[in-house]
Amino acid sequence: MTALTPASVRATLSEADAQTLRDRARGSRRPLSQALSQGLAITALAVLLVLAIASIFGLNLSVSTFLESGPNAQRFLRRVGSITFPAPDRLLFLTGITLGIVILGTLMAALISVPVAYLAASNTAPNRFCQVLGRFIGVFARALPDVVLAMVFVLMFSIGALPGILAIGLHSVGMISKMFADAIEQIDPGPVEAIRAAGGGRMQQFVSGILPQVAPSWVATTLHRNDINLRGSVILGYVGIVGLGYDMANSFSQLDYSKGVGIAIVIFVLCVVMEIISSSIRRVMLGAAAQRRSVIDRLLDRIVGSRTQPTTSRAGGVQAGESGVSAVAEPAGSLRQRGASPTVVAALRRPWTRSRVRNTIWGWVAVVVIVLAVIVSDIQWGDFATFWAKLPATLAKFWPLNFGSYGPQIITGALGETIAIALAATLISLLFSVIIGSLAARNVAPNGGVRGFNRFLLVVIRGIPETILAIMLIIVTGLGGQAGALALGFCGIGLLGKLIADSFEEVDAGPERALSATGATRTQVYTAATLPQGRRSLIAHTMYMLDTNIRAGTLLGVVGAGGVGYYLLNASQGANYGLVGVIVLLVFGVVLVVEALSIWLRRVFR
């Protein structure tokens, strides 16, 4: 009997069998490291959960504490009395300039985010250094509060809309560039590789291969950020930026609660209307409304008529369809000169389909809105020529860094309170968002009515600016972290619930159908198929909410809702910009840690 040796075994194995054995050998080592990583990740999540629960108790957030503030709420309502509003012309001016600041700031951020995202995306970055640089710019912009930027720009520019536009624009680069870069990384590489193989340069690859694929997602991201900026513009009024927020801040500081509440109602209605409009546009841009014909679509059908129908050749092939791309490469003018029939020439023209007419109308509407925003904002363009002389002296005010008269212990303690507010608010938002967001998902809700109601509820909650809610809660519960945590927790339900609902609707329907076929109940399908598939997205969205709440918690401290923002406002009003720099760097460090933790968790649970 022939003895088996390693050499004889290898000789009898085919290359495929050998590769299988090598894969199994490597696979036997992978589970250990993967299990260790998942164990560490679960431990990290458990620690965050314990810290969030401890933060709720530490901030004394309880139903009994809130009920004890009932007499304060009654006194506030008595002092409000009848709600009043500014004069109609003044209200129209404030509304117009607020919208102008927000729209122009968001547009500025979108334009700056294009090159930043191109550098940050892994499939377009020229090298690793450019990718790290692009990501760093985004993280730094997200960590730099727009209130701080507004403080700086107020020193260098004339009082007006320009400081607010620049503050919103530079701060929004953080979120928009990140979402733009994520969209670039998810494109189909085929068109880009084809253009590169044909000798196209980087600009041609971007314009013809990347931009058409990411344009709908980019427009949706910009509209979403515009909604966030509209809600966040309220806080800029506390540092002197004109608009509805400025007049509301003055009204509350003068104890004119009736007028302050009236302006707050106007801001709320404005935010809800803007949210509904932008949500509708986002659904159309992302294709979610493809199966639902709107009134505009039906009207466009009548306008364009038969031009929306594709032209079919005698062989039965479609020459020009919805996309309007011709199957013949020869120019129509050349064919016309050669005596081609009018039918052939007409087939080569891009047809005015319903989609093209609708996009053209929306494009011109956007141009008109931007022009009106520029006119209403009344930008002092001459400031761009004079602010350079003020820039060195302004930056010098932030050096040397110092803790002022408070000392490191007080400032770091206030930062810890901000983190506690963010953790407590994130947990509150998560508990309610899982319920409401699940019922807002098409594949989880028992019927369309339940889904529609919960979707509308999320829109209404997203329309409430957390700054306004925090001010109301401060009046009721008093100054401190309670008001900040409750405001962020409640307003976060709108965003986190929507993200959860969208993620659950995008899960693979196969496991859900398989369980339903075996007679499983809706609850069993949800717990065994929907929730496990949406686990990774749920963790990612929750970490994003924590990141957002840390930055928002800093801003709410400006209105007295606890945390380090209170000292940030005092430092700016006292011209102690060295302390402002210290606080910004501390918040930046915390945001970096949360960002790194979020990336690691997504990688582990992918």
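Refer to the structure printed above.
Residues numbered from 1 in each chain as written. Predicted model: local features only at pLDDT ≥ 70, side-chain atom pairs only at ≥ 80, totals over all residues. Heavy atoms only, no water.

**Q** Can you walk me through the overall build of the protein in this structure?
**A** Along its length, the protein carries 26 helices and two strands. Going through the 606 residues of the protein one by one, you find that 45% of them count as buried. Put simply, 78% of the contacts in the protein that link residues at least 6 apart link residues at least 24 apart. With an accessible surface of roughly 30,700 Å², the protein has 66% of that area assigned to carbon and sulfur atoms. (Helix = DSSP H or I, 4+ residues; strand = E, 2+ residues; numbered from the N terminus. Buried < 20%, exposed > 50% of the residue type's maximum accessible area, 1.4 Å probe, protein only. Contact = heavy atoms within 4.5 Å. Areas by Shrake-Rupley, 256 points an atom, 1.4 Å probe, with all protein chains shown as cover.)

**Q** Mind showing me how you'd approach the packing of aromatic side chains here?
**A** Each aromatic ring pair is summarised here by two numbers: the centre-to-centre distance and the angle between the ring planes. Scanning all chains against the criterion turns up 16 aromatic pairs. Judged by centre distance (4.3 Å) and plane angle (10 degrees), the rings of Phe-180 and Trp-218 are stacked. Remark: Trp-218 occurs in helix 10 (residues 202-236) and Phe-180 occurs in helix 8 (residues 162-185); sequence separation between them is 38 residues. Side by side, Phe-180 and Trp-218 carry an identical accessibility label, which is buried. (Phe/Tyr/Trp six-rings, centres within 6.5 Å; stacked < 30°, edge-to-face > 60°.)

**Q** Would you explain the nonpolar core in this entry?
**A** Generally speaking, a soluble globular protein has its nonpolar side chains buried in company with each other. With 102 residues, the main nonpolar core has Leu-244, Met-248, Ile-267, Val-580 and Ile-583 as its most contacted residues. Here the element with the most residues in this core is helix 26 (residues 577-604); it accounts for 12 residues. Setting aside residues up to four positions removed in sequence, Met-248 forms contacts with Val-234, Tyr-238, Gly-260, Ile-263, Ala-264, Ile-267, Ile-468 and Ile-471. Ala-121, Ile-184, Phe-206 and Ile-210 belong to the second largest nonpolar core, which has 18 residues in total. (Core = buried A, V, L, I, M, F, W, Y, C linked by side-chain atoms within 4.5 Å.)

**Q** Sorry, what's going on with the side chain of Ser-278 here?
**A** Structurally, Ser-278 can be placed in helix 12 (residues 257-285). Of the polar contacts made by the side chain of Ser-278, one reaches the backbone oxygen of Met-274; its length is 2.9 Å. Reaching out from Ser-278, the side chain makes a polar contact with the backbone oxygen of Glu-275 at a distance of 3.2 Å. (Polar contact = N/O pair within 3.5 Å; in protein donor to acceptor, adjacent residues only side chain to side chain.)

**Q** Mind showing me how you'd approach helix 19 (residues 448-462) here?
**A** An α-helix turns once per 3.6 residues; consequently, residues spaced three or four apart project the same way. Over its 15 residues, helix 19 runs 21 Å from end to end, which matches the ideal 21 Å to within 8%, given 1.5 Å per residue. When we look at burial in helix 19, the residues that qualify are Arg-451, Asn-454, Arg-455, Leu-458, Val-459, Ile-461 and Arg-462. The buried residues of helix 19 occupy an angular sector of 165 degrees when projected down its axis, which confines them to one face. Those residues of helix 19 that are exposed and angled more than 90 degrees off the buried face are Gly-449, Phe-453 and Phe-456. Sitting at the amino-terminal end of helix 19 is Asn-447, which places a side-chain oxygen 3.1 Å from the backbone nitrogen of Gly-449. (Expected span 1.5 Å × (residues − 1). Arc of directions from axis to C-beta.)

**Q** What's the story with the pattern of salt bridges in this structure? I'm lost.
**A** In a structure, side chains of opposite charge can pair up when their charged atoms sit close to one another. One pass over the structure, following the stated rule, counts 13 salt bridges. Residue Arg-462 pairs with Glu-275 through a salt bridge whose shortest N-O separation is 2.7 Å. Within this pair, whereas Arg-462 is found in helix 19, its partner Glu-275 is found in helix 12, the two being separated by 187 residues in sequence. In this pair, the class of Arg-462 matches that of Glu-275, namely buried. Notably, a salt bridge pairs Arg-551 with Asp-547, separated by 3.3 Å at the nearest N-O pair. Placement of both Arg-551 and Asp-547 in helix 24 (residues 535-556) is noted, with a separation of four residues, approximately one turn of the helix. (Salt bridge = Lys/Arg side-chain N within 4 Å of Asp/Glu carboxyl O.)

**Q** Sorry if this is basic, but what is going on with the packing of helix 18 (residues 408-439) against helix 26 here?
**A** Orientation of helix 18 relative to helix 26, taken along the N-to-C sense of each, is 40 degrees, at an axis distance of 11 Å. One element, helix 18, and the other, helix 26, form an angle in the oblique class. Both helix 18 and helix 26 take part in a crossing whose hand is right-handed. For the pair formed by helix 18 and helix 26, the contact residues are Ile-411, Leu-415 and Ile-419 on the first element and Leu-579, Ile-583, Leu-586, Val-587 and Val-590 on the second. Of the residues contributing to the contact of helix 18 with helix 26, the split by class is eight nonpolar, no polar and no charged. (Axes fitted to C-alpha atoms, helices over the stretch in contact; angles between N-to-C directions. Parallel < 35°, antiparallel > 145°, perpendicular 65-115°, else oblique. Left-handed = near helix turned anticlockwise from the far one by under 90°. Nonpolar A, V, L, I, M, F, W, Y, C, P; charged D, E, K, R; others polar.)

**Q** What's the story with unusual backbone geometry in this structure? I'm lost.
**A** What you tend to see is this: most non-glycine residues have negative phi, and most peptide bonds are trans. Following Trp-399, the chain continues into Pro-400 via a peptide bond in cis, with omega recorded as 0 degrees. Even without being glycine, Asn-60 reaches a positive phi, approximately 60 degrees. Considering the arrangement of structural elements, one finds Asn-60 in the loop between helix 2 (15-58) and helix 3 (63-67). Classification of Asn-60 as partly exposed rests on a relative accessible area of 42%. Although it is not a glycine, Asp-378 adopts a positive phi angle of roughly 50 degrees. Residue position: Asp-378 is located in the loop between helix 16 (354-377) and helix 17 (383-396).

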